[in-house]
Structure formats: C-alpha cells, structure tokens
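Fold and contact review
One-letter residues, chain by chain:
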Amino acid sequence: MKLQFAIDTLSTEKALELAAAAAAHVDILELGTPLIKSEGRSAITALKNAHPDKVIFADLKTMDAGELEADLAFDAGADLVTVLGSADDSTIAGAVKSAAARGKGVVVDLIGVADKVARAKEVVALGAEFVEVHAGLDEQAQAGYSLDTLLRAGEAAGVPFSIAGGVNLGTIGAVRDAGAEVAVVGGALYGAPDVAAAAAELRAAIG
Ligand SMILES: O=C(CO)[C@H](O)[C@H](O)COP(=O)(O)O
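Since we're looking at a predicted model, the values are computed, not measured.

Digging into the site of the ligand
D8, H134, Q140, G166 and G186 are the nearest of the 13 residues found near the ligand. Measuring from an oxygen atom of the ligand, one finds a side-chain N or O atom of H134 at 2.8 Å. With respect to the ligand, the backbone of G187 contributes an N or O atom lying 2.9 Å from an oxygen atom. Within the complex, the protein chains bury 92% of what would otherwise be the 360 Å² of accessible surface of the ligand.

Quick word on the UniProt feature "domain: Orotidine 5'-phosphate decarboxylase" (unreviewed entry) in the protein
Residues given the UniProt feature "domain: Orotidine 5'-phosphate decarboxylase" (unreviewed entry) here are residues 2–202. Here residues 2–202 is 48% helix and 20% strand, with 11 Å between the C-alpha atoms at its ends.

Focus on helix α6 (residues 116–125)
An α-helical turn contains 3.6 residues, so any two residues separated by three or four positions project in the same direction. For α6, the set of buried residues is K116, R119, A120 and V123. Take α6 and look down its axis: the buried residues cluster within an arc of 105°, on one side only. Along its buried surface, α6 packs onto α5 (89–102), β5 (105–109), β6 (130–134) and α8 (147–157). In the stretch just after α6, G127 is the one whose phi turns positive, near 120°.

Re the sheet that holds strand β3 (residues 55–62)
Strand order around the closed barrel formed by eight strands is β1-β2-β3-β4-β5-β6-β7-β8, with parallel pairing between neighbours. Geometrically, the sheet is characterised by an average inter-axis angle of 25° between neighbouring strands, direction not taken into account. Bridge count for strand β1 (residues 2–7) against strand β8 (residues 182–185) is four bridges, and the pairing is parallel. Along β8, the bridge assignment pairs K2 with V182. The strands that α6 touches are β5 and β6; relative to β6, the one it contacts most, it runs at about 155°. Here helix α11 (residues 195–206) sits on the sheet and contacts β1 and β8; the angle it forms with β1, its principal contact strand, is near 150°.

A few points about the nonpolar core
If you look at the biggest cluster of nonpolar residues, it comprises 62 residues, and the most contacted ones within it are F5, V81, V131 and I163. If we skip the residues at most four places from it in the chain, V81 touches A58, L60, A70, A73, F74, G105, V106 and V107. Grouped together as the second largest cluster of nonpolar side chains are nine residues, F57, L80, F130 and V182 included.

Brief notes about the packing of helix α1 (residues 12–22) against helix α3 (residues 41–50)
In the contact formed by α1 and α3, the axes pass within 10 Å of each other and the chain directions differ by 25°. Between α1 and α3, the angle is such that the two are roughly parallel. Crossing of α1 over α3 shows right-handed handedness. Residue-level contacts link T12, A15, L16 and A19 of α1 to A43, A46, L47 and A50 of α3. Among the residues forming the contact of α1 with α3, the class breakdown is seven nonpolar, one polar and no charged.

Let's talk about the pattern of salt bridges
Summed over the entire model, instances satisfying the criterion amount to 10 salt bridges. One salt bridge in this structure joins D71 and R102, with 3.1 Å as the shortest N-O distance. Of this pair, D71 sits in helix α4 (residues 66–76) while R102 sits in helix α5; the two residues are 31 residues apart in sequence, bridging distant segments of the chain. The residue R102 makes a salt bridge to D75 at a minimum N-O spacing of 2.8 Å. Placement of R102 in helix α5 and of D75 in helix α4 is noted, with a sequence separation of 27 residues between them. The exposed category is assigned to D75, whose relative accessible area is 53%. The network of salt bridges with common partners includes D71, D75 and R102.

The rules we used
Residues numbered from 1 in each chain as written. Predicted model: local features only at pLDDT ≥ 70, side-chain atom pairs only at ≥ 80, totals over all residues. Heavy atoms only, no water. Near = heavy atom within 4 Å. Polar contact = N/O pair within 3.5 Å; in protein donor to acceptor, adjacent residues only side chain to side chain. Areas by Shrake-Rupley, 256 points an atom, 1.4 Å probe, with all protein chains shown as cover. UniProt positions renumbered as here; feature names shortened; annotations may be inferred. Helix = DSSP H or I, 4+ residues; strand = E, 2+ residues; numbered from the N terminus. Buried < 20%, exposed > 50% of the residue type's maximum accessible area, 1.4 Å probe, protein only. Arc of directions from axis to C-beta. Contact = heavy atoms within 4.5 Å. Pairing = 2+ DSSP bridges. Axes fitted to C-alpha atoms, helices over the stretch in contact; angles between N-to-C directions. Core = buried A, V, L, I, M, F, W, Y, C linked by side-chain atoms within 4.5 Å. Parallel < 35°, antiparallel > 145°, perpendicular 65-115°, else oblique. Left-handed = near helix turned anticlockwise from the far one by under 90°. Nonpolar A, V, L, I, M, F, W, Y, C, P; charged D, E, K, R; others polar. Salt bridge = Lys/Arg side-chain N within 4 Å of Asp/Glu carboxyl O.

Laid out in structure tokens, this is it:
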C-alpha cells in the first residue's frame, strides 16, 4: 500500500518544508485544496521541482470544466488530480481526456457521495485510476464519525481505492487490511511534533 501525505497548509514555503521532512517515507505528495486556492498553480510546480521522483497529487476537487482544470494542473507538474464524484460524468470524462493525453491520472473523490459503492464503479468505468473514499474535515468533526464506514465502502466497491478521513497510526493498519491501494494522511502528519518521525512510524506500520 502506498502512503500519501495530504499537505493541508496555506503557504508554498510551509508545504515545501513539510514535504522535505516526510519525503523519504511517503510515495505521494498531495497539495491540499486550501494550498492550491491560496497559492495557485505555482505551488504545484514548486513541489514537483523539489520532488521530481514523487507522485505529485493536486487535490483540485474539480466540479466543472474537468478538462480545463486538469490541463492547468498537469501542465504545472501534477501527476494526479482529483475530480469530485458528484460532478457530471462529462466533467470526469474531460479530466480523463486531459490525463490520457499526458500519461497522467485522475482520482475521483467520493466526498459527499451517498452511494459510494455504485459511484465508484461508474467513475472507474469512465477512466478514473482509482477512487478516494473520503470523509472530509467537516464530516470528521461530526459526532459519531467512524473510519469503518469508509473501509466497508472501499471493500465493497470492487475497484482500486484510497482512504482519506483522519487516518493515523492507530488506524492505518485497518486501511491496509481493507485492501486500499493508498492511505491518505493529512493532520496526523502535518500536525505531528516531528513530521519525519511520524512519517517513518506510519511507513513502518504498513510495511
Ligand atoms: O482532502 C482533505 C479534506 O477535504 C484532506 O486532505 C484529507 O481528508 C486528508 O486529511 P486528514 O488525514 O486530516 O483527514
């Protein structure tokens, strides 16, 4: 299973600092949506230039104009971009067209999608590399939130998936055991007192 670091910070400088600390232990470096909104495409280019050997994941959360938004991020250096699963099929297909022309990929984020299993199958048929079975920060803050619901949806989908939603050292083993291709970790890494040590622990936990 691959490890993805969701860098949810607001400045390119801080993102580069966090990425440098964790890079030896992670496979995918994600520019979180707030970072892209704060700093724009230049942050994607800066991260790719600093880590050309890593998969650079631009969490665009595109809802419309799929081809255009994917073009913008891929041409800035992204290897993977996200489109929302609640977007129209044509939006997802547009982003997939952009990715196919460049040998890159589209991940469909199932945040807010009610029937994650059914939509996962549909978007992989449209050409998504994998789906992100995801509960966002606001959903995680609600009473009764549990990662288990996401894990069950991923297992049931029968397509390649990642899991995002407050994954940490205590839960990453369950993410691996559910069969995820990728574990996405944000707060448990960027909020750690020693980011490099936390990344090394996560890596050791999944082998
Ligand atoms: O995309 C996101 C929020 O929309 C986050 O990057 C994702 O949820 C991972 O962060 P965390 O591990 O803190 O949940």
